[in-house]
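Structural overview
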Amino acid sequence: MTEFFAITLIIILAAISPGPDFAIVIKNALMHNRKSGIFTALGVSCSLLIHASYCILGLAIIISQSLLLFSIIKYLGAAYLIYIGIKSLMAKRPSTHIQTQTNHTPLNAFQSFTQGFLCNLLNPKAIMFILAFFTLIINPSTSWLAQFSYGIEIGLVHAIWFGWLAIMITHQRIKASLNKAQYYIVKAMGAVLVGFGLHIALSTKGTV
């Protein structure tokens, strides 16, 4: 039971730590709508389930030890974050502060989900965190069933956290107070995504 609470705490701290996932959920929720933010969160969550699954099956060792494969993932992830970030930076200022999304074509559920999914799936830091989680934190003697349970917990915790974040940031009162700053927040999240992309692209394998 102590191990369960300790692992749950680690998962929660990992979820609330600012990163590309945080930035893209905030961006989509503010730039588009609540539904977009929630589906982006679900995309992040499902990607983490993929990471957990191949780590449990031992495939992550192959990825981490293959310089070519790791580099491909790293640069694809960096390019994707930079692309999404630049799109946010190029977004036009809304003509009214009441409905920012009127000047943007809202992402549909699939597009939002895909953005969240790819943002996390192609993030080398997510790969290395899950790898470390299942190789260093989880006891090697832990059963596969228990390991998959922890993988599901990782996905659920992230879905709940980012889903709640999307709901809160688009709450009527909160959004009303952010109306004047919303345009700049979206720009800031775009800059954050570009920054993360550049950091990933320029970092060495050992420091990602």
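In this text the structure is predicted, and so the values were computed from the model without any measurement. (Residues numbered from 1 in each chain as written. Predicted model: local features only at pLDDT ≥ 70, side-chain atom pairs only at ≥ 80, totals over all residues. Heavy atoms only, no water.)

**Brief notes about the overall build of the protein chain**
Definition in use: Put simply, DSSP H or I for four residues or longer makes a helix, DSSP E for two residues or longer makes a strand, and each gets a number counted from the N terminus. Whether a residue is buried, partly exposed or exposed follows from its accessible area with a 1.4 Å probe, protein chains only, as a fraction of its type maximum: under 20%, in between, or over 50%, in that order. Throughout, a contact is declared for two residues whenever any of their heavy atoms are within 4.5 Å. In these tables, accessible area is a Shrake-Rupley quantity obtained with a 1.4 Å probe, and a residue counts as shielded only by the protein chains included in the view.
A tally of regular secondary structure across the protein chain gives nine helices and zero strands. Seen in sequence order, the protein chain has helices and strands lined up from the N terminus as α-α-α-α-α-α-α-α-α. The buried share among the 208 residues of the protein chain stands at 46%. Here the contacts in the protein chain between residues at least 6 apart in sequence split such that 85% fall between residues at least 24 apart. With the model as given, the accessible surface of the protein chain reaches about 10,500 Å², and the carbon-plus-sulfur share is 72%.

**Observations regarding helix α7 (residues 124-137)**
Selection rule: Every helix has an expected span of 1.5 Å times one less than the residues it contains. Pairing of N or O atoms within 3.5 Å defines a polar contact, subject to two protein rules: one partner must be a possible hydrogen donor and the other a possible acceptor, and residues neighboring in sequence count only if both atoms are side-chain atoms.
Between the first and last C-alpha of α7 there are 19 Å, a value that for 14 residues agrees with the 20 Å anticipated at 1.5 Å per step. Listing the buried residues of α7 in full gives P124, A126, I127, I130, L131, F133 and F134. Structurally, the start of α7 carries an N-cap: the backbone nitrogen of K125 is 3.0 Å from a side-chain oxygen of N123.

**A word on a nonpolar patch on the surface**
Operational definition: Patches here are clusters of residues that have more than 30% relative accessible area and form no salt bridge, with a 9 Å joining cutoff for like charges and a 5 Å cutoff for nonpolar side chains (Val, Leu, Ile, Met, Phe, Trp, Tyr). Should a side-chain nitrogen of Lys or Arg be within 4 Å of a carboxyl oxygen of Asp or Glu, the pair is scored as a salt bridge.
Together, L57, L59, I62, W144 and F148 line one region of the surface with nonpolar side chains, adding up to about 510 Å² of accessible area. Assignment of secondary structure puts L59 in helix α4 (residues 59-65).

**Some thoughts on the environment of G155**
Its location among the elements puts G155 in helix α8 (residues 144-169). Along the chain, G155 and H51 lie 104 residues apart, while their C-alpha atoms are 9.9 Å from each other. Residue contacts for G155: discarding those within four places in its chain leaves S45 and L49.

**Quick word on the packing of aromatic side chains**
Applied cut-off: Ring pairs shown here join Phe, Tyr and Trp side chains whose ring centres sit within 6.5 Å, with only the six-membered ring taken for Trp; geometry is labelled stacked below 30 degrees between planes, edge-to-face above 60, and tilted in between.
The tally for this structure, following the rule as stated, stands at five aromatic pairs. Pairing F133 with F134 gives two aromatic rings, centres 5.0 Å apart and planes at 80°, and the pair type is edge-to-face. Centre to centre, the rings of W144 and F148 are 6.5 Å apart; their planes meet at 70°, and the pair counts as edge-to-face. Of this pair, W144 and F148 are both found in helix α8, four residues apart, which corresponds to roughly one turn of the helix. Classification of W144 by relative accessible area gives exposed; the value is 53%. Residue F148 is classed as partly exposed on the basis of its relative accessible area, which comes to 32%. By way of ring pairs, the aromatic residues F129, F133 and F134 are connected into one cluster.

**Details of the nonpolar core**
As a reminder of what qualifies: Nonpolar cores were defined as sets of buried Ala, Val, Leu, Ile, Met, Phe, Trp, Tyr and Cys residues, with membership established by side-chain atoms within 4.5 Å.
Within the largest apolar cluster, 43 residues are counted, with the highest numbers of intra-cluster contacts made by I130, F133, F134 and I154. Each residue touching I154, except ones within four places of it in the same chain, is listed here: I11, L48, I130, F133 and F134.

**Notes on the packing of helix α2 (residues 20-31) against helix α3 (residues 34-56)**
Where we set the bar: Helix axes are fitted only over the stretch in contact, all axes being lines through C-alpha atoms; the angle between N-to-C directions runs from 0 to 180 degrees. For classification, angles of less than 35 degrees are called roughly parallel, those exceeding 145 degrees roughly antiparallel, those between 65 and 115 degrees roughly perpendicular, and all remaining angles oblique. The sense of a crossing depends on the near helix, which, turned anticlockwise from the far helix by less than a right angle, makes the crossing left-handed and, turned clockwise, makes it right-handed. Polar here means any residue outside two lists: the nonpolar Ala, Val, Leu, Ile, Met, Phe, Trp, Tyr, Cys and Pro, and the charged Asp, Glu, Lys and Arg; Gly therefore counts as polar.
Between α2 and α3, whose axes approach to 7 Å, the crossing angle comes to 155°. It follows that α2 is roughly antiparallel to α3 by the angle criterion. For the pair α2 and α3, the sense of crossing is right-handed. Two secondary-structure elements touch here, α2 through D21, I24, V25, N28 and A29 and α3 through R34, S36, G37, T40, A41 and V44. The residue makeup of the contact of α2 with α3, split by class, is five nonpolar, four polar and two charged.

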